[in-house]
Structures are given as C-alpha cells and as structure tokens.
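The lines below spell out each chain.
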2 protein chains.
Amino acid sequence: MNFDAITIRDIARELHLSVSTVSKALRDSYEISDKTKKLVLEYAQKNNYRPNPMAQSLKKGHSKSIGIVVSSIDNQFFSQVINGMESEAYSQGYNVIITQSHESWDLEVQNVNHLTHRAIDGLLISLSTETNDVEHLKKLQSQGLPIVFFDRVSNEIDTHKVIVDNLKGAYEATMHLINSGYKHIAHITSSAITSVSSERLSGYKKALEDSGMEVDDRYIKFCTHGGQAMSEIQQALQELLDLEVKPDAILTAWDRITTSTLSLLHKFNIKIPQEIALLGFTNTLLADVLNPSLTAVQQPAFEIGRKATEMLLSIINSKRPVTEFETVVLPTELFIRNSTARQIAVK
Amino acid sequence: MNFDAITIRDIARELHLSVSTVSKALRDSYEISDKTKKLVLEYAQKNNYRPNPMAQSLKKGHSKSIGIVVSSIDNQFFSQVINGMESEAYSQGYNVIITQSHESWDLEVQNVNHLTHRAIDGLLISLSTETNDVEHLKKLQSQGLPIVFFDRVSNEIDTHKVIVDNLKGAYEATMHLINSGYKHIAHITSSAITSVSSERLSGYKKALEDSGMEVDDRYIKFCTHGGQAMSEIQQALQELLDLEVKPDAILTAWDRITTSTLSLLHKFNIKIPQEIALLGFTNTLLADVLNPSLTAVQQPAFEIGRKATEMLLSIINSKRPVTEFETVVLPTELFIRNSTARQIAVK
DNA sequence: AGGGCTAACTAAAACGTTTGCGTAAAAATT
DNA sequence: AATTTTTACGCAAACGTTTTAGTTAGCCCT
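(A) The arrangement of the interface of chain B and chain A in detail. The interface of chain B with chain A comprises 60 residues on the first partner and 60 residues on the second. For the pair chain B and chain A, the summed buried area comes to about 5700 Å², and 57% of that belongs to carbon and sulfur atoms. Here chain B and chain A share zero salt bridges between them. In this structure, the connection of chain B to chain A is made through eleven residue pairs in polar contact (both at pLDDT 80 or more).

This is the structure:
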C-alpha cells in the first residue's frame, strides 16, 4: 500500500520556505508573518495536509491516547463506563484505545503489554476476575506509567481509584429482600479475589447479621470465571436448588451473572418472584422490560468512567510526580421492580 | 510526568556497542554473533526494555493499528461486531482504536479526522444515520487509506463491504407476521438514507406485496436520528396508535428502536402480542428473557466484524493497490419467540 | 605475500516533526 | 548616520528506531 501523504517538507519545497518556517506557520507561531502563515495554511488546506501523528508523538514524547482494559465490551456496564471515558478524554484532546481481557489474566497481561510504554500516556484498568498477581502493573507504574483503577481495583497498588460503594449497595439490596419477607437469601458472586466481590459479599452478610439472620455458606456461590461461562452459573444455581431448603431469593453480584441467572431460572421454569425472587447488580438498559422487570442495583457507570479519566489526565498533565492518591467512592442506586415483589397473597 | 524508559541507545552505551548492533541483536539478525545477542537480550530483559512503538511506526511507515467507527458501543450488535474485529486484528498483530459517532455526522467526521492518516493503517466504518455526504471518506480513500464498510455502507464508495441480507431478513420477518395472521403490520425504521433501512423497508414491502396486502405509508415511520432519542420513537409509535385502524403488529428495523419500542409499549400498557405483536431486528442477548420473549432478526455480528477485518487487513497487506472489491453478504437469522405468538383464542 | 572472503560489527541517514538558536534585513532609536 | 531593536525567517539537532552501506580483522586460498 502506498500512502502518498503530503508532509511538511513537501510544503516547504513547493513554497520555497524552510521546513521550520512551515512547521511554525502551521502552529501559528508569533515568529511568522501573517502573509506567510496564510500562504502555508492555504496550501496545506488545499492539499489536505495532516501532520503525521507518529512523528509528532515521537517528538513530543506523548501519544495523546490512553489505554483502557475492561473485561468485556458487550457488558453494558463497561460500555457505559467507556462512554464516560471517551467523553472526558475527547474533551481534553485524547484518544482512547480499548482492549478486552475477557476475564483472563493472560489476556490482561498481553493487552497491557501491547498498549504499554509510550504507545499510551496512561492506563485505565478494571482487573480481570482471574487477576491476583499485579506485578505487571506494578512494574509499569514504577517506570512512570500513570494508572487509574476503576471498578475492580487492587489494593496492592497505590494510585487513584474510582469505585462504588459496593458494601452499601449490596447491603441495601439484601435489606430490601429481607424487608420484603424473604427468608433464605442466596448470593451468587464472582471469584472471591476481586475487591468488588468481597465488598458485596460483606454487604450481603452484614445485612443478614444486622437483621438477626444466619449467614449460611451453602447459600453463597462463587463463579471463579466471573460468569463468562454459563455452565458455572448453572452449576451454582443447581446446587442452590438442590439444598433441602431452597432459597426464596437470590442476590446476584455481577452483571453477567444476573442476566444469566435470569435466563436459567426461565429455563428451569422457576417463577420469579413467586418461587424465587431475583435481585441483581446490573446496568442493562432493559431491566424494565425483562420478564419480570428486574430489581437491580445500578452503578453510575458513565460517571465512573468520566471521573477515572479525569483523574488519569490530571496525573498525566501534572508538572511533578503525583504521590498523593485518592479513592473516589460513588453511590449505587437500587431500582425496585417486580422481580422482588412481595408476595401479598397467592393468587 | 517523566517516563524514564530505557532506549536502545542506553543499552548500546552500557554494553559498549553501537546502536545498530543492539537493534540488530534485538531483531535476531544473522549479522550478530550469538554471544552479543545473548548479552543484549539479557540486558534488555533485565531492564525491561520495550521498543518505542512510535519510533517504530514512524520508521516503518505503519502503525499496526486500525480504526473503527461505530455509532454506539453500548449497542450489543456493535459490541459483538467489535469483538469479532478485535479477535481477527489481534491474531494478526494489530491493535484496534474504537470511536463512536453517536449517529452524528459531525462526530463521525471528527472521529475519522482524528484517527486518520498514518495513525491508523486502515479504517472499518459503519456510517452514522445522519451521513449522506461521504466526501470525507472519499478523500481519504483517494489518498490511499484502506477502508472497509460494514453494516451501513455507502454505494458511492467502491471498496470491500460486509453486510447482511437485509431484504431477506425483513422479508422473512414480515412473512412470519403475515403467516401468524397479523393484518396491519407497521414498520418503524431509521432514516431512509441508510442502505440498511432502505433494504429492510424493501423486504417489508415485498412481503406485503407478495402476500397481496397493501403497502400503506401511514404504517411506515422513520426515525431520522436512528432512535437515539426516545422521543422520536415515542412520537412514531403514538402516530401509529392514533390511526383509525391501529396496527396489530410492528416490525422494528433497528436494535435501539426495537428495545425502545418494547419499553414504550410497556409504558402505554399495551399487551404484547395480544394487542400488538412486536418483531425486531436486534442482537441483544436478553431477547429470551424479555417480557415477552422477543421474536427477533439476529445478525451474525461477530462474523461481520471478523470478516470485515480480514478484508481490511488483506488490503493493508497487499503488495499492489487493490482495485477489485467485493461485497460479502451474510445471512440473518429469525428467532421466533412469544412477542409474535399467534393468538389461537382470546383467553 | 597478496588478494579475496567472511564474520561481526559501526556509521550515518532516514522516518516527519518540533524547537532553540542564529542571522539578515527592516525598522526604530539615538 | 550609526546603533540597536524587531521581525521574519533558516539551520540543525533531536525524538528512538531501522536499514543501507561501509569497515575492520581474521582467515583461506593460490
């Protein structure tokens, strides 16, 4: 393929000017006369000149783009987060490069390496469920790459973080179930490694304890692959259904687990909420029109993304090394719908 | 921010070698002795050397990344398409840069300009609903940027394209409604400009005609903003409901229009399919668990993305200019669920 | 012994910019 | 008129690589 792109050198030759004059004219330098500027600008315009971004990046020492690692783009939570990131990044003249870890540590490392070092000016990352070793990120940070965590954070790395109040979100959700009269509330979550899971689990447990209810480990199921595989959720659900006392409500802690559980309950012909109520963390825009409409803990995804990006750019643009880091905690919101409707009476 | 990244020059100085020797050693050139290679490799490893991708890109004349423009990432169709693109691109050592046009021509142009010219080696684009002027893309193509269209294509530009058989998809969908006994089938689609809309509209009309039914323009509604705004869909729907003979079925032609229409029908308390049946183009993974489960025309989104990327990379890697272009047409699939269930009898 | 080979390396140019410094001419100041 | 200042431009180095074209030193061969 031949890219017959016009360069600053071509303009210079054609206009009988020096390369530096052209460069300065294009950047509207005070050193250049209006006449020359006009000449150069018009020629550039006419010939559709566009500066080579690689040359600029190389020269300037930054790429004006930031890397994003999420587990999966087709998760509405993450796509909303990305919308927020894109919005903030664009408004500050930055580009985003999105990669997916698909909940795999290997892929996460590979993506980070791919993005890494000067191809990006900073990294926004939500850890994969598999990740408990963050050496790869530590090394990058120590080499000066600004990193901001969002959603699934690591407490082994000191940097800005944007999370939601997972404990409170799960607490309120569980309380809602308890107040609705449910007695045997199960919890399906992801791998216990992630910050998000353990916080939500704590919220769930605290609500039970505060209500004088017993925490029974048999009602708590972990899906180590973050619910990427339907099979692991199916197994978890099956085990719950096989208990001598079946749960009458389920709190699902992850977007994908929530929707998959809903699907499986349909598949098993279990009436929601009559037989089992369902309450899940999810950001799907379709919660209202699901069958039944789904009581959900929703996260301010756009704002998470926006805020994380704002913080990352503040590190990137900081004159001196940033050593004071901040963790922003945003609130979740509980939307009560039919999937947890209290059973007034059996119709 | 200071990036104390190590360069090839640092290695050379430290090892008392020349820059070129180090470069060649790293690239495993036959000109370098095994001893030296080992030395360099070990030093590089230990000091976590990583080639500066910008310098490499500048030198090599390509960036090993491709640009993607879609209308919106939080549309499951597009996120699945992107998964396919990412998969193919990664397997060939390419990176993807994703941007969203949000159905706006202005943003589309801005994104393309941002990505454009040497920051990317090629472009994968699905036009925004607003777009009917493709001069910006023509210009880029004429300058040598490889472009592949998918989903929403322009026939003013000659290049590879990947689409689905929209006419057949809409035809089969409409036929399903007709065969289920629906008599007044409405069609809500996007702007008539897009290839996709007009093809689906044709399929809808053809099915009616082939069945001896009249095509009544009052039953066809256009949402010029591609359904980004709920309000325009609401208005379209309201107009349909205000007709003296209300439609008993609606075929929605776009993902977002489909889910929004479902929401609105709920809001208006209209029973699906008893009062109005709904059949829509959508790739949501939740079609099965919607209320009611949704009869849907689904597109092979992953494959669309994969194929488009494969074709783009074939242009990029082609030794000589490509002049023969191909349009790949993939089949859609109709999933029949409850939202169009034939009304055997009124319960 | 002289020429030709080869192996292993180096020097330098190039990719397209940006930028600090230098400088000639024009303008302003003495 | 002589000096200084300003204006408007050019030169060349630099960013970190890759690559072409040398350049040594040692070896083999007749």
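(B) A look at the sheet that holds strand β1 (residues 65-70) of chain B. Residues and elements named next belong to chain B. Taken together, six strands build an open sheet; the order of strands is β2-β1-β3-β4-β5-β11 and the sheet is parallel. Two strands bound the open sheet, and with one partner strand each, they are β2 (95-100) and β11 (327-330). When strand polarity is set aside, the average angle formed by the axes of neighbouring strands in this sheet is 15°. The sheet contact formed by strand β3 (residues 122-125) and strand β4 (residues 147-150) spans three bridges and is parallel.

(C) Layout of helix α9 (residues 195-210) of chain B. All names here are of chain B. Compared with an ideal rise of 1.5 Å per residue, which puts 16 residues at 22 Å, α9 spans 22 Å between its outermost C-alpha atoms and is within 8% of the ideal. Among the residues of α9, those classed as buried are S195, V196, S197, R200, L201, G203, Y204, A207 and L208. With its phi angle positive at about 70°, G212 sits one or two positions after the end of α9.

(D) Just the relation of the copies chain B and chain A, in detail. Between the two copies, chain B and chain A, the superposition gives an RMSD of 0.2 Å; the rotation angle is 180° and the shift along the axis is 0.1 Å. Look at the turn and shift together and you get a two-fold axis relating the two. In this assembly the copies share their binding face: 100% of the residues contributing to the interface of chain B also contribute to that of chain A.

(E) Spatial organisation of the side chain of R200 of chain A. Residues and elements named next belong to chain A. With respect to the helices, strands and loops of the structure, R200 is situated in helix α9 (residues 195-210). No salt bridge is formed by the buried R200, whose closest oppositely charged neighbour, D151, lies at an N-O distance of 4.7 Å. From its side chain, R200 meets the backbone oxygen of A253 in a polar contact 2.4 Å long. Beyond its immediate chain neighbours, meaning those up to four positions away, R200 contacts V164, N166, A170, H187, A253, W254, F281 and Q299.

(F) Quick peek at the side chain of T309 of chain A. Residues and elements named next belong to chain A. Mapped onto the elements, T309 comes out in helix α12 (residues 301-316). Judged by relative accessible area, T309 falls into the buried class, the value being 0%. Discounting residues that sit within four places of it in the chain, T309 has contacts with I66, M85, E88, A89 and L124.

(G) View of the packing of helix α4 (residues 53-60) of chain A against helix α4 (residues 53-60) of chain B. For the pair α4 of chain A and α4 of chain B, the least separation of the axes is 9 Å and the interaxial angle reads 140°. On the basis of the axis angle, α4 of chain A is oblique to α4 of chain B. Crossing angle aside, the handedness with which α4 of chain A passes α4 of chain B is left-handed. Only M54, A55, S57 and L58 of chain B of α4 of chain B make contact with α4 of chain A, whose side of the interface consists of M54, A55, S57 and L58 of chain A. Classifying every residue of the contact of α4 of chain A with α4 of chain B gives six nonpolar, two polar and no charged.

(H) Representation of the domain arrangement of chain A in the model. Its domain assignment divides chain A into domain 1 (8-51), domain 2 (63-163 + 301-331) and domain 3 (166-299 + 334-340). Here domain 1 of chain A and domain 3 of chain A have C-alpha centroids that lie 63 Å from each other.

(I) Region of interest: the environment of T284 of chain A. Structurally, T284 of chain A can be placed in the loop between β9 (277-281) and β10 (295-298). Looking at T284 of chain A, the relative accessible area reads 7%, which means it is buried. Taking the C-alpha atoms as reference points, T284 of chain A and Q298 of chain A, separated by 14 residues in sequence, lie 8.5 Å from one another. Those residues in contact with T284 of chain A, other than ones at most four positions away along the chain, are Q76, D255 and L290 of chain A together with L286 of chain B. One polar contact links the side chain of T284 of chain A to the main-chain amide nitrogen of L286 of chain A, over a distance of 3.1 Å.

What counts, and where the lines are drawn
Residues numbered from 1 in each chain as written. Chains lettered and ligands numbered in written order. Predicted model: local features only at pLDDT ≥ 70, side-chain atom pairs only at ≥ 80, totals over all residues. Heavy atoms only, no water. Contact = heavy atoms within 4.5 Å. Buried area = accessible area lost by both parts, 1.4 Å probe. Salt bridge = Lys/Arg side-chain N within 4 Å of Asp/Glu carboxyl O. Polar contact = N/O pair within 3.5 Å; in protein donor to acceptor, adjacent residues only side chain to side chain. Pairing = 2+ DSSP bridges. Helix = DSSP H or I, 4+ residues; strand = E, 2+ residues; numbered from the N terminus. Axes fitted to C-alpha atoms, helices over the stretch in contact; angles between N-to-C directions. Expected span 1.5 Å × (residues − 1). Buried < 20%, exposed > 50% of the residue type's maximum accessible area, 1.4 Å probe, protein only. Least-squares fit on C-alpha atoms with pLDDT ≥ 70 in both. Lys, Arg positive; Asp, Glu negative; His and termini not counted. Parallel < 35°, antiparallel > 145°, perpendicular 65-115°, else oblique. Left-handed = near helix turned anticlockwise from the far one by under 90°. Nonpolar A, V, L, I, M, F, W, Y, C, P; charged D, E, K, R; others polar. Domains from an automatic or database assignment.

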